Amino acid sequence: MGGIDFESSSPNSGNIEKESDVFEFVVKNGHGVKGLADTGLTTVPPRYIHPPQERIDRKDTIDSTPYLGPPIDISGLLELGGENKDEISKTLCAAAEKLGFFQVVNHGVSHEVMENAKRAAHIFFNLPREKKVPYLRENSPCPHVHYGTSFSPEAEKSLEWKDYLSMVYINDDEEVQKFWPTECRDAALAYLKSASKMIHGILSALLRGLGVDIDESTILSYSDARAVNMNFYPPCPNPELTVGVGRHSDLAALTILLQDDIGGLFVKAENKGWIEIPPVEDALVINVGDTLEILSNGKYKSAEHRALASTTRARVSVPIFVSPIPPTTIGPLPGLPEKHGKTVYRQLLFGEYKDNYFKGAHQGKATLDFAKVSN
């Protein structure tokens, strides 16, 4: 550990040298938070302590019942000639409009595929540092796969208690896939491919549910790029002082989230407070991303959300981020501004929005201001 005395870096020590050492160890040297947790520290270093207003306390959550309905059975949406397609579509649209988060069951991704994806995340992050360092952004042989920690470490005053592996999937490009870590490649691809029909079904239902004409090729263009992230939250000695993920809304059109049984996903319900999305066996969590809020002219909600680590167990989640490719134009679908009587968002390239989204630390939903029409 290079003589780093993590224990002396108490929350009130203000020891800048120790903070610098922690940053070097975790971020620059690629040990990640996993390596930090493995040192046996009994308190989080100062760099991981977040301001009180940003911390997560389960006692502060509100009742989810008015905002989050029961998991939605979407089997009828995915089957050829399935029953209740219109009813399922309306339920999905209502959930996207109300909270922007909902859970689905009978979605076509098997229990085995989901378990293998979670297991693969544990396997990768438990590899020795030497096996993970080659995938750091500055080392990775492919721009579509990288391993990292926190969201934007260089820009953040307080780091997030999370490591991640991101693998981008575009048009089944095997040349890209061969760079994915072998320890999790097959499990990630199986998860992605199993979810493909569900992704198209949900996105189609939501876009067509806006009540304007949209053709199949346009719908497909909003899901050309898909990224599988494997997120790892090591056991944390003081989860009440830090966050696994800070307040943010997602960049994507849709996010398909596989979470384990630990829980810790919190969503902001309008301005009323935060609710926790409970783990439901074999359910997937779906949430609206910024891109879909822009396409819907603000009708669908890209909700702020954040995550909490556990004191006793490593938590994993495996999201699929469904997005357009950078040259695709995003903006309110034709006819929506007239239908809504206002234009909330402007037309811009997805690549422009993506560049702005990643230029700094998490900032709640403020990233959407970049796409809003000037008053």
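Attention in this report is confined to the structure presented alongside it. The structure displayed is predicted, hence computed values, not measured ones.

## Some words on the overall build of the protein
Phase 1: Across its full length, the protein holds 12 helices and 14 strands.
Phase 2: Over its C-alpha atoms the protein spans a radius of gyration of 20 Å, differing by no more than 12% from the 21 Å that the globule rule assigns to 375 residues.
Phase 3: Seen through its C-alpha atoms, the protein measures out along the principal axes to roughly 65 × 45 × 35 Å.
Phase 4: Buried positions account for 56% of the 375 residues belonging to the protein.
Phase 5: The distance from the centre of the 39 positive side-chain charges to the centre of the 50 negative ones in the protein is 3 Å.

## As for helix α4 (residues 85-98)
Phase 1: For α4, spanning 14 residues, the distance from its first C-alpha to its last is 20 Å, which sits close to the expected 20 Å at 1.5 Å a residue.
Phase 2: Listed as buried for α4 are I88, S89, L92, C93, A95 and A96. Down the axis of α4, the buried set is contained in an arc of 160 degrees. They therefore lie on one face. For α4, exposure combined with an orientation more than 90 degrees from the buried face picks out D86, E87 and K90.
Phase 3: In this fold, the buried residues of α4 make contact with β1 (72-73), α3 (75-78), β2 (101-105), α8 (185-208) and β10 (284-288).
Phase 4: Taken from the residues just after α4, G100 is the one with a positive phi, measuring 90 degrees.

## Focus: the environment of A94
Phase 1: As for its placement among the helices and strands, A94 is situated in helix α4.
Phase 2: Once the C-alpha coordinates of A94 and Y300 are considered, the two residues, 206 residues apart in sequence, prove to be 8.7 Å apart.

## Overview of the pairing of strand β7 (residues 254-259)
Phase 1: Most of β7 is tucked away: 6 of the 6 residues are buried.
Phase 2: In β7, alternate side chains face the same way, and those of L254, I256 and L258 on one face and T255, L257 and Q259 on the other are all buried.
Phase 3: In this sheet, β10 lies alongside β7 in antiparallel orientation, the contact comprising 4 bridges. Paired with L254 across the strands is V288, a residue of β10.

## Remarks on the sheet that holds strand β9 (residues 273-276)
Phase 1: Read from one edge to the other, the open sheet built from 4 strands follows the order β6-β11-β8-β9, with strand pairing classed as antiparallel. What marks the edges here is a single partner per strand, and that holds for β6 (245-248) and β9. Here the strands of the sheet are splayed against their neighbours by 20 degrees on average, with no regard to which way each runs.
Phase 2: Sheet analysis places β6 next to strand β11 (residues 305-307), joined by 2 bridges and oriented antiparallel. The residue bridging H248 from the neighbouring strand is H305, located in β11.

## What about the pattern of salt bridges?
Phase 1: Inspection of every chain in the model, using the stated rule, returns 15 salt bridges.
Phase 2: What emerges from the salt-bridge pattern is a single network uniting E54, R247, K268 and E304.

## As for the sheet that holds β2
Phase 1: Strand order in this open sheet of 8 strands is β1-β2-β10-β7-β12-β5-β4-β3, and the pairing throughout is mixed. The sheet is open, and its two borders are formed by β1 and β3 (145-149), each paired with just one other strand.
Phase 2: Pairing analysis gives 8 bridges linking strand β4 (residues 163-170) to strand β5 (residues 225-233), with the strands arranged antiparallel. Bridge assignment links Y164 to a residue of β5, and that residue is N231.
Phase 3: Relative to the sheet, α8 contacts β2, β4, β5, β7, β10 and β12 (315-323), its axis offset from that of β7 by approximately 135 degrees.

The rules behind each value
- Residues numbered from 1 in each chain as written.
- Predicted model: local features only at pLDDT ≥ 70, side-chain atom pairs only at ≥ 80, totals over all residues.
- Heavy atoms only, no water.
- Helix = DSSP H or I, 4+ residues; strand = E, 2+ residues; numbered from the N terminus.
- Rg over C-alpha atoms; globule rule 2.2 N^0.38 Å.
- Buried < 20%, exposed > 50% of the residue type's maximum accessible area, 1.4 Å probe, protein only.
- Lys, Arg positive; Asp, Glu negative; His and termini not counted.
- Charge placed at Lys NZ, Arg CZ, Asp CG, Glu CD.
- Expected span 1.5 Å × (residues − 1).
- Arc of directions from axis to C-beta.
- Contact = heavy atoms within 4.5 Å.
- Pairing = 2+ DSSP bridges.
- Axes fitted to C-alpha atoms, helices over the stretch in contact; angles between N-to-C directions.
- Salt bridge = Lys/Arg side-chain N within 4 Å of Asp/Glu carboxyl O.

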